[in-house]
Amino acid sequence: MKNLVLSICMVLFFSCKEKKATEVTLSVNEIVDKSIEVSGGERYETSKICFKFRGLEYVSEEGGKTQKRSFFSDSINYIDIKRDSNFQRFVNDTPVIISDSLASLYSNSINSVHYFAQLPYHLNDAAAKKEFLKEEVVKNKSYYLVKVTFDENGGGVDFEDNYLYWINKKTFKIDYLAYDFHVNGGGVRFRKAYNERFVNGIRFADYENYKPKNESATLMQMSDLFEKNQLELLSKIDIKNIEVNQEI
């Protein structure tokens, strides 16, 4: 009997040891790279992406190096173009001069819309600093929890904001994200992806946008509050009329 127990213990020991040896620990860069790969991969770099958001037309070209926004107001056609760190506004096809503060505001707004519409692609932007925090279970699914912050140089006017991404361990898709912000009194938000669809090989999703019922809630509490139904639905963030075409 003693020998049998010893044998069982030895089998369990080597089984656990073998399991640990075969487990693969992914770095945060590998997690994000896999997420980008399953969501579009190289197509992000070679596609012209067009969509409509809240009545405005958006266009991304050259892997996001050129970002555009166009709209009509009082029968006047506005076109805003952000190319790297430069911004130009056209009014009825004529370039106009605007203040540096407005140029920064418009440029940041355009970049923000393209950033979220094309997640997770821009998580590998040069200014993004990624950190793996932990593995976490949300709604009975396992996730890699990744934190992203930004360098002041290239991180935009909101570089101090912090972002969390829940990347599904099985699919490597972003199912949830959260962020804090410091303008207009500050706060935190939590987003749940829905209405996933692929357009010419690139994944897009809409989001339910939540805020905590308790205004003192922190960024790291958001998934727990979501599980406990302690978040309030603020809005739905939908992108429409998506077109993806290979650039020549």
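For the structure given in this document, a descriptive report is provided here. (Residues numbered from 1 in each chain as written. Predicted model: local features only at pLDDT ≥ 70, side-chain atom pairs only at ≥ 80, totals over all residues. Heavy atoms only, no water.)

**Details of the nonpolar core**
To be explicit about the condition: Throughout, nonpolar core names a set of buried Ala, Val, Leu, Ile, Met, Phe, Trp, Tyr and Cys residues whose side chains join them through atoms within 4.5 Å. Accessible area is worked out with a 1.4 Å probe on protein chains only. A residue is then buried under 20% of its type maximum, exposed over 50%, and partly exposed in between. Here, residues are in contact when the closest pair of their heavy atoms is within 4.5 Å.
Of all hydrophobic cores here, the largest spans 41 residues; its most connected members are Phe51, Leu119, Val148 and Tyr165. With residues near it in sequence (within four places) discarded, Phe51 still touches Leu56, Glu57, Tyr58, Val113, His114, Ala117, Ile239, Lys240, Asn241 and Ile242. Listed in part, the 16 residues of the second largest apolar core include Val138, Tyr143, Leu164 and Phe190.

**Digging into the sheet that holds strand E9 (residues 163-168)**
In plain terms, the rule: Following DSSP output, two strands are said to pair if at least two bridges run between them. Elements are defined by DSSP. Helices are runs of H or I of four residues or more, strands are runs of E of two residues or more, and each kind is numbered from the N terminus. Only the contacting stretch of a helix is used when fitting its axis, a line to C-alpha atoms as for every element, and angles between N-to-C directions run 0 to 180 degrees.
Ordered by their spatial adjacency, seven strands build an open sheet running E7-E8-E9-E10-E11-E12-E13, and the pairing between neighbours is antiparallel. Across the chains shown, the open sheet's two edge strands, defined by having one partner strand only, are strand E7 (128-138) and strand E13 (231-237). This sheet shows a mean twist of 25 degrees between the axes of neighbouring strands, independent of strand direction. With six bridges joining them, strand E8 (residues 141-150) and E9 adopt antiparallel strand pairing. Paired with Val148 across the bridge in E9 is Tyr163. Strands in contact with helix H2 (residues 28-39) are E7, E8, E9, strand E10 (174-181), strand E11 (187-199) and strand E12 (202-212); relative to E7, the strand with the most contacts, it is inclined by about 80 degrees.

**Section: H2**
Since one α-helical turn is 3.6 residues long, residues separated by three or four positions face the same way. Worth spelling out the cut-off: Between the first and last residue of a helix there are one fewer steps than residues, each counted as 1.5 Å, and that sum is the expected span. By construction, the arc corresponds to the directions joining the helix axis to the C-beta atoms.
Compared with the 16 Å implied by 1.5 Å per residue over twelve residues, the 17 Å span of H2 between its first and last C-alpha is a close match. All of the buried residues along H2 are Val28, Ile31, Val32, Ser35, Ile36 and Ser39. Relative to the axis of H2, the buried residues are bounded by an arc of 130 degrees and lie together on one face.

**Examining the side chain of His122**
When you line up the elements, His122 lands in the loop between helix H4 (100-117) and E7. Not counting chain neighbours up to four residues away, the residues in contact with His122 comprise Gly64, Gln67, His114, Tyr115 and Ala128.

**Digging into empty space enclosed by the protein**
What counts is decided by this rule: The pocket and cavity definitions rest on a 1 Å grid over protein atoms only: a 1.4 Å probe that fits but cannot leave marks a cavity, an open set with protein on both sides within 12 Å along at least five of seven lines marks a pocket, and residues lining either have an atom within 4 Å of a point. Grid points are joined across faces, edges and corners, and a volume is the space filled by probe spheres set on the points. For this scheme, ten residues count as nonpolar: Ala, Val, Leu, Ile, Met, Phe, Trp, Tyr, Cys and Pro. Four count as charged, namely Asp, Glu, Lys and Arg, and the remainder, Gly too, count as polar.
According to the stated counting rule, one finds one cavity of 30 Å³ or more in the structure shown. Of the voids in this model, the largest cavity is the one considered here, and its volume is about 40 Å³. If you trace the largest cavity, you find it lined by Phe116, Ala117, Leu119, Arg203, Phe204, Ala205 and Tyr207. Within the residue set of the lining of the largest cavity, elements represented by two or more residues are H4 and E12. Of the residues forming the lining of the largest cavity, the biggest block, four residues, is contributed by E12. Looking at the lining of the largest cavity residue by residue, the class counts come to six nonpolar, no polar and one charged.

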